[in-house]
Amino acid sequence: MSEPTRNPAQLTDISMLGLGAMGSALATALLDAGRSVTVWNRTPGRAAELESRGAHVAGSVREAVAASPVVVACLLKYASVRDTLGPVVERLCGRTLVNVTTTTPDESRQLAAWAAEFGITYLDGAVMAVPTMIGTREGQIFYSGSRKAYDAVLPMLDIWATSEFHGEDAGRASLVDLAMLSGMYQMFAGFLHGAAMVATTGMSASEFAARQAPFLSAMTRGLAAYAEVVDGGDYTVPGQQSLDFSDLSHLVRASADQGVDPTPIAAVQELIGRQIAAGHGPEGLARIYESLRAPRPTTRAATRPEEGTAA
Ligand code: NDP
């Protein structure tokens, strides 16, 4: 599949809308790789560095969109994308839109439906990287939406990071992205809760981090085993840490005894307690997944009452 080519009226290969920290990093990587790039930002004056590297600076969104066959949006959020692109939709018609703005899965699907209505080829991107990782293989960007567009622009996407296609449901890349961030933020909250606990006896957060980081790193080796149990659906397989053994009420109590708000760990204990109360205490800790997951439509009739209920 060949890359979208510009017609004689178009100035550049790619137009980048949004020159915040991430948009600037993406544009810089493209310029460094020898691509011709038009850039635009709502607030003028953020393009000087990119211009010195050879970028064409557009004076309006309309001009930017018209300049290239591929338009990349890296704006703040869903509303920014709609506000920016809505007025120039007729200019976008026939072009490929790669939207790497963080959106929820449903927002991505709405953008894909909107794009389809106006003859715009839509690819949604979820950036799993900070700006300094752009242009390296360490960064990851997930994509979903038009497979045709993904194949066509892959050489460009690969300039930014390691690219991964997640299917034609435009919301899937965002879903995986936000699920990954959910794990990350809960880990950070857990660390900060622990730091608040040890602070009551004078340990600094830095001293605690030096101990917590290698411990958490070692614990991540357990993720694959939990995943195997969840995928297999049998929480009685021998060798699992049981829910009864995992009762964390002493941890919640210790936190409260120190005057530290136990909210993060109390949320985990609540999930464990719910499964124990339903009679699953001897089964594996991974069973808390059953309190969290969405109902499975095909097996719903066969599930027990406490199963398949979102927390
Ligand atoms: P910044 O806050 O640095 O930049 C935001 C950009 O959005 C600016 O160009 C800003 O323009 C523009 N913008 C905001 N509102 C509007 C609007 N209503 N109309 C037009 N333009 C608007 O954010 P980042 O560049 O860091 O992030 C951009 C996207 O990338 C976000 O969705 C973010 O979640 C995602 N991302 C960022 C990561 C990071 O580490 N930075 C990591 C992963 C994803 P102006 O200058 O005029 O305000």
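Scoring rules and cut-offs
- Residues numbered from 1 in each chain as written.
- Predicted model: local features only at pLDDT ≥ 70, side-chain atom pairs only at ≥ 80, totals over all residues.
- Heavy atoms only, no water.
- Helix = DSSP H or I, 4+ residues; strand = E, 2+ residues; numbered from the N terminus.
- Buried < 20%, exposed > 50% of the residue type's maximum accessible area, 1.4 Å probe, protein only.
- Contact = heavy atoms within 4.5 Å.
- Areas by Shrake-Rupley, 256 points an atom, 1.4 Å probe, with all protein chains shown as cover.
- Lys, Arg positive; Asp, Glu negative; His and termini not counted.
- Charge placed at Lys NZ, Arg CZ, Asp CG, Glu CD.
- Patch = residues over 30% accessible without salt bridge, like charges linked within 9 Å, V, L, I, M, F, W, Y side chains within 5 Å.
- Salt bridge = Lys/Arg side-chain N within 4 Å of Asp/Glu carboxyl O.
- Pairing = 2+ DSSP bridges.
- Axes fitted to C-alpha atoms, helices over the stretch in contact; angles between N-to-C directions.
- Domains from an automatic or database assignment.
- Right-handed = clockwise from strand over helix to strand, strands pointing away.
- Near = heavy atom within 4 Å.
- Polar contact = N/O pair within 3.5 Å; in protein donor to acceptor, adjacent residues only side chain to side chain.
- Nonpolar A, V, L, I, M, F, W, Y, C, P; charged D, E, K, R; others polar.
- Expected span 1.5 Å × (residues − 1).
- Arc of directions from axis to C-beta.
- Core = buried A, V, L, I, M, F, W, Y, C linked by side-chain atoms within 4.5 Å.
- Parallel < 35°, antiparallel > 145°, perpendicular 65-115°, else oblique.
- Left-handed = near helix turned anticlockwise from the far one by under 90°.

> Hey, could you run me through the overall build of the chain in this one?
The secondary structure content of the chain amounts to 13 helices and eight strands. Counting only C-alpha atoms and orienting by the principal axes, one finds that the chain spans roughly 70 × 55 × 30 Å. Across the 311 residues that make up the chain, the buried fraction comes to 42%. Sequence-distant contacts in the chain: of pairs separated by 6 or more residues, those separated by 24 or more amount to 60%. Accessible surface for the chain amounts to roughly 16,000 Å². Of this, 59% is attributable to carbon and sulfur atoms. Where the 24 positive side-chain charges of the chain centre and where its 32 negative ones centre are 4 Å apart.

> Would you mind showing me how to read a nonpolar patch on the surface here?
A cluster of nonpolar side chains, Tyr-185, Met-187, Phe-188 and Leu-192, forms an exposed patch at the surface whose accessible area comes to about 420 Å². As for its placement among the helices and strands, Leu-192 is situated in helix α8 (residues 172-199).

> Could you clarify how one ought to interpret the environment of Leu-97 in this entry?
When you line up the elements, Leu-97 lands in strand β5 (residues 96-99). Sequence-wise, Leu-97 and Ile-141 are 44 residues apart; in three dimensions their C-alpha atoms are separated by 16 Å. In contact with Leu-97, other than residues within four places in its own chain, are Val-71, Ala-73, Leu-85, Trp-114, Ile-120, Thr-121, Tyr-122 and Leu-123.

> Would you mind going over the pairing of strand β7 (residues 140-145) with me for this structure?
Successive residues of a regular strand alternate their side chains across the two faces of the sheet. Of all six residues in β7, five are buried; the element is thus mostly enclosed. Looking at chain direction, strand β6 (residues 121-128) and β7 are connected through six bridges and run antiparallel. Bridge pairing in β7 places Asp-124 opposite Ser-144. Sheet topology places β7 next to strand β8 (residues 162-165); four bridges connect them, and they run parallel. When the bridges of β8 are listed, Tyr-143 appears paired with Phe-165.

> Help me understand the sheet that holds β6 in this model?
Two modes of strand pairing occur in sheets, parallel and antiparallel, and in both the strands are linked by backbone hydrogen bonds. The strand order across the open sheet formed by eight strands is β3-β2-β1-β4-β5-β6-β7-β8, and the pairing between neighbours is mixed. Every other strand in the sheet has two partners, leaving β3 (56-57) and β8 as the edge strands with one partner each. As paired elements, strand β1 (residues 14-17) and strand β2 (residues 37-40) share four bridges and run parallel to each other. Counterpart to Met-16 in the pairing with β2 is Val-39. Strands in contact with helix α7 (residues 147-160) are β1, β4 (70-73), β5, β6, β7 and β8; relative to β8, the strand with the most contacts, it is inclined by about 165 degrees.

> For this particular structure, what's the right way to read the domain arrangement of the chain?
Interface size is commonly expressed as the accessible area that is lost once the parts come together. For the chain, the assigned domains read domain 1 (14-175) and domain 2 (200-302). On a C-alpha basis, the centroid separation for the pair domain 1 and domain 2 is 38 Å.

> I'm lost on the pairing of β6 in this one. Help?
Extensive coverage of β6 is indicated by the burial of seven of its eight residues. On the question of chirality, the crossover connecting β5 to the parallel β6 by way of helix α6 (residues 105-117) is right-handed.

> Can you walk me through the site of the ligand in this structure?
Inspection of the region around the ligand gives 21 residues, with Asn-41, Thr-43, Arg-46, Leu-76 and Thr-102 positioned closest. Gly-20 is positioned with one of its backbone polar atoms (N or O) 3.3 Å from an oxygen atom of the ligand. Asn-41 places a side-chain nitrogen or oxygen 2.6 Å from an oxygen atom of the ligand. When isolated, the ligand has an accessible area of 900 Å², and the protein chains bury 76% of it. Broken down by secondary-structure element, the contributors of at least two residues to the shell around the ligand are α1 (21-32) and α4 (78-85). Class assignment for the residues of the shell around the ligand results in ten nonpolar, nine polar and two charged.

> How should helix α12 (residues 263-280) be read in this particular structure?
One turn of an α-helix holds 3.6 residues; hence residues three or four places apart share an orientation. Counted at 1.5 Å a residue, the expected span for α12 with its 18 residues is 26 Å, and the 24 Å between its end C-alpha atoms agrees. For α12, the complete set of buried residues consists of Ile-265, Gln-269, Leu-271, Ile-272, Gln-275 and His-280. End-on view of α12: buried residues confined to an arc of 155 degrees, all on one side of the axis. Buried-residue contacts for α12 involve α8, α11 (249-257) and α13 (289-292).

> Honestly, the nonpolar core in this entry has me stumped. Any pointers?
Within soluble globular proteins, side chains that are nonpolar generally end up buried alongside one another. Counting 36 residues, the largest nonpolar core has Met-16, Val-98 and Trp-160 as the members making the most contacts within it. Among the elements of the structure, β1, α1, β2, β4, β6, β7 and α7 are those that each provide at least two residues to this core. Once residues within four sequence positions are removed from consideration, Trp-160 is found in contact with Met-16, Leu-26, Ala-29, Leu-30, Val-72, Val-100, Met-133, Ile-134, Gly-135, Thr-136, Ile-141 and Tyr-143. Core analysis: the next-biggest nonpolar cluster, separate from the first, contains 23 residues, Val-61, Leu-75, Tyr-78 and Ala-112 among them.

> Would you explain the packing of α1 against α7 in this entry?
At their nearest, the axes of α1 and α7 sit 9 Å apart, and the two run at 115 degrees to each other. Between α1 and α7, the angle is such that the two are roughly perpendicular. Here α1 runs over α7; the crossing is right-handed. For the pair α1 and α7, the contacting residues are Leu-26, Ala-29 and Leu-30 in the first and Met-156, Ile-159 and Trp-160 in the second. Grouping the amino acids of the contact of α1 with α7 by side-chain chemistry returns six nonpolar, no polar and no charged.

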